[in-house]
Amino acid sequence: MQPETTRDQHGRPLGVLRLSLTARCNLVCPYCLPDGQEPPGLLSSAQRLAVIDAAVALGVSSLRLTGGEPLLHSGLEALIAATQPLRQRGLREVALTSNGTLLSLERARALKAAGLDRLTLSLDGANGASVAQMAGLANTAAGERSLQQVLAAIEHARVAGFDPGHGALKLNAVIQRGANDDQLLPLAELARAHGVELRLIEFMDVGNRNGWRPDAVLSAAEMVERLSVRWPLDPLGRPQHGTASRWRYRDGGGQLAVVASISNPFCGDCNRLRVTADGIAYTCLFAEPSSGLDLRPWLQADTPPGDLTAAIAALWQRRSDRYSEERQNLMQQTTAANAPRHAEMAYLGG
Ligand code: SAM
Ligand code: SF4
């Protein structure tokens, strides 16, 4: 039976759960800057499953597992397998975002066998120096190793059955003006050569430590403009509730997507709930840390069934945030003293 749709103050339905499994990462991308350690009070697998179950009861049809780096979590495959019965209650897809450096062929096969539908790998450069800079690695050689690991991961994923032709395998790249914007064309070339869709993401002001400035954002429009000089592109639009606007290479070289969270926000139909590895629920990627709802009181062994679902429903129903649409106005009123605090990316999971 399909669950009833839960709607927020702007009529937005709850549709996607992004669940972070760990705040740790094996990379230190300067635009994300994870802590390198877990917060206290990590959720158990049973608690995570309870959160997913409650979200599905409220209308979530898409689950994305993320981090930190989710491949560092040893219970990943078991959790994916445990979600499979929820397909009968409305769960339609389980996806994973990973930096790909730890994805062996064996692991890709295990993820597929557990029931993972889609895999997005992240790569911000097409040469060792750029990968090193964007992943916070010590030198070009380390960047080159990381690049080769991700390229191997793309092939492992394909061999394991994640078909990029059906959208089951994609590549994410954050583009930061003055840092890796020279990688736009090389990354597009690389993605085209591997037959995977590249999703170009504007550098976002998530967290408080990445030194974000508006002038470090290369807008999605400018990315498309630069790419279309080399490969003409036709627009395919942004699907409802989607984050990415899609484009098709006119020469038949596949598709490209851009995520314009800063320059062209999509708060109006945002349907995503985020839950951190320690069970704090956020309704916005740019949320103040204190605005999160700690779900752990409803995740204790003696909590009556249904209470967690009611707590998440109430959180969603009172949701009114649309930070990205309000950013411009907020920034005009902001001084160093009253600047908004944001929850950190490695907790929220993107
Ligand atoms: N470690 C995994 C990875 O990198 O794919 C999953 C977690 S990561 C936080 C999820 C996505 O968020 C990645 O594609 C990453 O590039 C993106 N991301 C992180 N910080 C960002 C920022 N400040 N602006 C835009 N995207 C960001
Ligand atoms: Fe790690 Fe992903 Fe953050 Fe990079 S973006 S530091 S890979 S969690």
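Everything discussed here concerns the structure shown above.
Residues numbered from 1 in each chain as written. Chains lettered and ligands numbered in written order. Predicted model: local features only at pLDDT ≥ 70, side-chain atom pairs only at ≥ 80, totals over all residues. Heavy atoms only, no water.

Peer 1: Honestly, the nonpolar core in this entry has me stumped. Any pointers?
Peer 2: Nonpolar side chains in soluble globular proteins tend to be buried together. The biggest cluster of nonpolar side chains holds 75 residues, and the ones touching the most others in it are L17, L65 and L200. Excluding residues that lie within four positions of it along the chain, L200 makes contacts with A173, I175, L184, M223, L227, L256, A257, V258 and V259. (Core = buried A, V, L, I, M, F, W, Y, C linked by side-chain atoms within 4.5 Å. Buried < 20%, exposed > 50% of the residue type's maximum accessible area, 1.4 Å probe, protein only. Contact = heavy atoms within 4.5 Å.)

Peer 1: Before we go on, may I ask you to explain the pattern of salt bridges in this structure?
Peer 2: Tallying each qualifying case throughout the model produces 22 salt bridges. For R226, the salt bridge goes to D181, with nearest N and O atoms at 3.4 Å. Of the two residues, R226 is situated in helix α7 (residues 220–230) and D181 in the loop between β5 (169–175) and α6 (184–194); the sequence distance between them amounts to 45 residues. D215 serves as the salt-bridge partner of R213, at 2.8 Å between the closest nitrogen and oxygen. Each of the salt bridges in this network shares a partner with another, and the network as a whole consists of D8, R12, R319 and D321. (Salt bridge = Lys/Arg side-chain N within 4 Å of Asp/Glu carboxyl O. Helix = DSSP H or I, 4+ residues; strand = E, 2+ residues; numbered from the N terminus.)

Peer 1: Is there a simple way to explain the packing of aromatic side chains in this structure?
Peer 2: The geometry of an aromatic ring pair comes down to the distance between the two centres and the angle between the two planes. Summed over all chains, the structure comprises 1 aromatic pair. A ring pair is formed by W231 and Y249, whose centres lie 5.9 Å apart and whose planes are at 80°; its orientation type is edge-to-face. With W231 in the loop between α7 and β7 (233–237) and Y249 in strand β8 (residues 245–249), this pair connects stretches of sequence that are 18 residues apart. Residue W231 is classed as buried on the basis of its relative accessible area of 6%. Of note, R192 hangs over the ring of Y249, and the distance from its end group to the ring centre comes to 4.5 Å. (Phe/Tyr/Trp six-rings, centres within 6.5 Å; stacked < 30°, edge-to-face > 60°. Lys NZ or Arg CZ within 6 Å of the ring centre and 35° of its normal.)

Peer 1: What is the right way to read unusual backbone geometry from this model?
Peer 2: Excluding glycine, residues mostly carry a negative phi; peptide bonds, for their part, are mostly trans. Positioned with a positive phi, L33 is a non-glycine residue whose angle comes to about 50°. By the secondary structure assignment, L33 is in the loop between β1 (16–20) and α1 (45–57).

Peer 1: Please explain the site of ligand 2 as it appears in this structure.
Peer 2: By nearness alone, every residue bordering ligand 2 is listed as C25, L27, C29, Y31, C32, P34, G68 and N99. A class-by-class count of the residues in the shell around ligand 2 yields 6 nonpolar, 2 polar and no charged. (Near = heavy atom within 4 Å. Nonpolar A, V, L, I, M, F, W, Y, C, P; charged D, E, K, R; others polar.)

Peer 1: I tried to follow the packing of helix α4 (residues 128–135) against helix α5 (residues 140–160) on my own but got confused; where do I start?
Peer 2: For any two helices packed against each other, the geometry is given by the interaxial angle and the distance between the axes. The N-to-C vectors of α4 and α5 enclose an angle of 95°; their axes lie 7 Å apart at closest approach. Comparing the axis directions of α4 and α5 gives the class roughly perpendicular. Each of G128, A129, V131 and A132 in α4 lies in contact with α5, whose residues at this interface are T140, G143, E144, S146 and L147. In the contact of α4 with α5, the residues fall into 4 nonpolar, 4 polar and 1 charged. (Axes fitted to C-alpha atoms, helices over the stretch in contact; angles between N-to-C directions. Parallel < 35°, antiparallel > 145°, perpendicular 65-115°, else oblique.)

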